[in-house]
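Residue-level structural notes
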Amino acid sequence: MGKSDFLSPKAIANRIKSKGLQKLRWYCQMCQKQCRDENGFKCHCMSESHQRQLLLASENPQQFVDYFSEEFRNDFLELLRRRFGTKRVHNNVVYNEYIGHREHVHMNATRWETLTDFTKWLGREGLCKVDETPKGWYIQYIDRDPETIRRQQEQERKKKQDLDDEEKTAKFIEQQVRRGLEGKEQEIPVYTELNRENEEKVTFKLNKAASASVTASSKTSVLGENALKMVKGAVKRTEAAHISGQPKEKKKKSALDEIMELEEEKKRASQRNYWLQPEIIVKIVTKELEGMFHKKKAVVKEVIGKHTAVVKVIDSGHKLKLDQTHLETVIPAPGKKVLILNGGYRGNAGILESINEKRFSVTITIDSGPLKGCRVEDIQYEDVSKLA
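Definitions and cut-offs
Residues numbered from 1 in each chain as written. Predicted model: local features only at pLDDT ≥ 70, side-chain atom pairs only at ≥ 80, totals over all residues. Heavy atoms only, no water. Core = buried A, V, L, I, M, F, W, Y, C linked by side-chain atoms within 4.5 Å. Buried < 20%, exposed > 50% of the residue type's maximum accessible area, 1.4 Å probe, protein only. Helix = DSSP H or I, 4+ residues; strand = E, 2+ residues; numbered from the N terminus. Pairing = 2+ DSSP bridges. Axes fitted to C-alpha atoms, helices over the stretch in contact; angles between N-to-C directions. Phe/Tyr/Trp six-rings, centres within 6.5 Å; stacked < 30°, edge-to-face > 60°. UniProt positions renumbered as here; feature names shortened; annotations may be inferred. Patch = residues over 30% accessible without salt bridge, like charges linked within 9 Å, V, L, I, M, F, W, Y side chains within 5 Å. Areas by Shrake-Rupley, 256 points an atom, 1.4 Å probe, with all protein chains shown as cover. Salt bridge = Lys/Arg side-chain N within 4 Å of Asp/Glu carboxyl O.

Regarding the nonpolar core
When a protein is soluble and globular, its nonpolar side chains tend to lie buried together. Grouped together as the largest cluster of nonpolar side chains are 22 residues, with contacts concentrated most on F72, F76, L80, V94, F118 and L122. Examining the composition of this core, we find that seven residues originate from one element, helix α4 (residues 61-84), more than from any other. Counting residues in hydrophobic clusters, the runner-up holds 18 residues, among them F293, A309, L322 and L387.

Here we look at the sheet that holds strand β15 (residues 384-386)
Taken in spatial order, the five strands line up as β14-β13-β12-β11-β15 in an open sheet, and their pairing is antiparallel. Looking at strand neighbours, the two that pair on one side only are β14 (375-380) and β15, the edges of this open sheet. In this sheet, adjacent strand axes meet at a mean angle of 45 degrees when their direction is disregarded.

Quick notes on the packing of aromatic side chains
Per the counting criterion, the structure on display carries eleven aromatic pairs. Where F72 meets F76, the ring centres are 6.0 Å apart and the plane angle is 25 degrees; that geometry is what we call stacked. Highlighted residues: F72 and F76, both in helix α4, separated by four residues, approximately one helical turn. Both residues of the pair, F72 and F76, belong to the buried class. Geometrically, the ring pair formed by F76 and Y98 is edge-to-face, given 6.2 Å between the ring centres and 65 degrees between the ring planes. Here F76, found in helix α4, pairs with Y98, found in helix α5 (residues 91-98); they are 22 residues apart in sequence, far enough to count as distant.

Here we look at the UniProt feature "coiled-coil region" (unreviewed entry) in the chain
Feature annotation in UniProt places "coiled-coil region" (unreviewed entry) on residues 149-176, given in this structure's numbering. The span residues 149-176 carries 100% helix and 0% strand; its end-to-end C-alpha distance comes to 41 Å.

Brief notes about a nonpolar patch on the surface
Among the surface-exposed residues, F172, I173, V177 and L181 lie close enough to one another that they form a single nonpolar patch of about 410 Å² accessible area. The residue F172 is located in helix α7 (residues 146-183) in this model.

What follows is the structure, given as C-alpha cells:
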C-alpha cells in the first residue's frame, strides 16, 4: 500500500489533524491552504505553486483584494440575514459564527484591518444599522430584498384598506341616522301654568251603620295605641333593670389578671418611637446609598438628638450621618451579646439565647445590672441589636 493511498494510516492521520480551525497566521488565502505549524507554512511559501500565485497577485493586487473583500462581505451579510434576520446583535457574535466555517475568507486578505472598521463601513454604506455601546458595536441587518419589501407594502395596503372599510361603515351609519332625524319633525315641548278652573267641594253621606263602624274602629285604634304604649313602657323598664344590674353581675379580676394588665400598661408606657443607642451594630438600608454603602453594616458612634446617628462603616471606615429610618437593627447568632433598645427593659445588655422566626422575636438573658440573670422572652427584632 503506497504512501499516498487514501486509506493509509498516514493519510487518515493527516485528515484527522486537518479537521477544525487552525492558527490564522499559518493560512495562505491566495492558495486557500491551511498549514498546521510554522514549518509547514514555511515549506508552503517556498513551494512552486505558491510562487506562481504570488506572481499572479503581483500583476494586479487591488483586483484580488477587492475580490476577497466582496466575498467576505457577501458571506458575512448572508449569515447575518439568515441566522439573525433583522434582530439587533453584537458584531463579534456574528463574526465568531462566521469564522467557524473552515473555508471562510479571512479578514487579513480584505481591505478592512479590524472588525470595527468593517462594522463602521457597513453603517456608512447603509447595509446595516450600527450603534456603539459600552459593551461594543451592535449591528442590525436592513432587509432590502424586493420580495420582503413587496410583502411589507402588501401588509400596509391591507391595513389601510381595513381602516378605509371601517371609516366607510362609520360614515354610512352616520348618514342613516341623519336621514332618520330629518324625516321626523322635532316636537318642541310647550310649558303652561297649572290653573284650577272649577273648585268644587266634595261631600260624603254616610248611613248609621257606616257611622257605627267608624266609631268602633276609632275605639279599637285608641285601645291599640294604649296597648302599644304599655308594651313600650315595659320594655324600657326591663332595659333599665338590666343596665342597673350589670355592675352586680361583673366578675372580680384575679390577682394574676391585674398583674398582667399592669405589665401591659408598663410596656405601652415605656415603648418609644426612637431606639438609637451608641456602640450598637446596625445595617444601612436606604436606597439613596446604593452601590458603596447599601446593605453595609456600621457601628453607631454618636447619637444626635433622638432620631439621628453618626455611624462608621465596618468595611471601609467611612463615617456617615443618617436618620434612624435609614438604619436597621442586626440580630446576631445565639450566644452573642446584644442590647435592648426599647420597651420596659430598655438599656439592658444581655446574651441572646434563642430566635423565634415565626413570631419575629428573640429570648435574652440579662447579664448586668440589678436584673442580672433575668430571662426576657418575646422581644421583637426591632427592639434589640448586636453590641459592637
